[in-house]
Amino acid sequence: MAKKREFHTNIAGKVRNTKLPKRKALWPLFEAISNSIHAIEEKGNLESGQIIIDIIRNGLPNALEGLKRVDIYPVKSFLIHDNGLGFNDNNWDSFLTAESDYKIEKGAKGVGRFVALKAFNHVNYNSSFRSNGSFSTRSFTFKQVGNGIFNFKEEPNSEEKSWTKVELKNYKEEYQKFCPKPLEDIAEKIVEHFLIYFLQNKCPYITLRDQNGQELLLQNYYGNTFKGSIKESEFSINENTFHLYLLKVFNTRMSHQIHYCANSREV
């Protein structure tokens, strides 16, 4: 029997009270990537872990496929696909609990899905997961109305693979204008946000795909842009040992910035 499908909070009110500055238009994408990384860590398949991010832009798909450059068109949606643990019962229960502390030890605050609705019209979830020795598929749409959960389906499958697809669907206009357009600019923002994962070589393979077929593996982007200037050191305070990474990046595409990173994320 499927579990009760409703939130324990007022969705519209929760989203309304969630803060998301316009300049942080990519934060819903960061939250989705973070969830994918956690799912791959929980599954224990880091070496074969993959996250594929499809960029969906304004315009007709058939027309965009034939263009040499598509980065003049604004980003409309993101589709994030990972081969992690899947949307199992623990993740489902956590999703239905506002400000869940299920992944608090990873630094998660349990508000990422509300941040997504702040910037996007709705979010589509589709996932295959293992439960009691067999696999099932769970899918639904998350909206800022009612109990939040729409078009819920749960059914067995014979695929015998776990994965999750999250579609951040239709940017709200006030956030869309702050989302970078070029593939390389989006790549830079993702690498900066998850820099510690790249520094420690603990990041699953992340690939950005544009609608004209152009792809960018973020491990390659990191290697060409960030890796060469890294210096490492250790120091101790009382009985605590800290590992320090210091890097100066000269060829970034954005303005001068300082990024402080800890607890596996930019802080």
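Shown above is the structure to which this text applies.
Because the structure is predicted, anything quoted here is derived from the model rather than measured. (Residues numbered from 1 in each chain as written. Predicted model: local features only at pLDDT ≥ 70, side-chain atom pairs only at ≥ 80, totals over all residues. Heavy atoms only, no water.)

(A) Broad picture of the pairing of strand S6 (residues 163-171). Bridge analysis of strand S2 (residues 75-82) against S6 gives 5 bridges, and the strand direction is antiparallel. Bridging across to S6, Phe78 finds its partner in Leu168. Sheet topology places strand S3 (residues 120-131) next to S6; 8 bridges connect them, and they run antiparallel. Across the sheet, residue Phe120 finds its bridge partner in S6, namely Tyr171. (Pairing = 2+ DSSP bridges. Helix = DSSP H or I, 4+ residues; strand = E, 2+ residues; numbered from the N terminus.)

(B) Quick look at the pattern of salt bridges. According to the stated counting rule, one finds 6 salt bridges in the structure shown. Between Asp71 and Arg69 there is a salt bridge, with its nearest N and O atoms 2.7 Å apart. Asp71 sits in the buried class, given a relative accessible area of 18%. Salt-bridge contacts for Glu154 lead to Arg138; the nearest nitrogen and oxygen are separated by 3.0 Å. Of this pair, Glu154 sits in strand S5 (residues 149-157) while Arg138 sits in strand S4 (residues 134-142); the two residues are 16 residues apart in sequence, bridging distant segments of the chain. Arg138 sits in the buried class, given a relative accessible area of 2%. (Salt bridge = Lys/Arg side-chain N within 4 Å of Asp/Glu carboxyl O. Buried < 20%, exposed > 50% of the residue type's maximum accessible area, 1.4 Å probe, protein only.)

(C) Looking closely at the packing of aromatic side chains. Considering all chains together, one arrives at 21 aromatic pairs under this definition. With centroids separated by 6.4 Å and ring planes inclined at 65°, the aromatic side chains of Phe114 and Phe142 adopt a geometry described as edge-to-face. Pair noted here: Phe114 is in helix H5 (residues 112-119) and Phe142 is in strand S4, with a separation of 28 residues, a long-range link. Feature note: the residues Phe87, Trp92, Phe95, Phe114, Tyr125, Phe140, Phe142 and Phe152 constitute an aromatic cluster, connected by ring pairs. (Phe/Tyr/Trp six-rings, centres within 6.5 Å; stacked < 30°, edge-to-face > 60°.)

(D) Up close: H5. Counting buried positions along H5 gives 8 out of 8 residues, so the element sits mostly inside the fold. Among the residues of H5, Gly112, Arg113, Phe114, Val115, Ala116, Leu117, Lys118 and Ala119 are the ones counted as buried.

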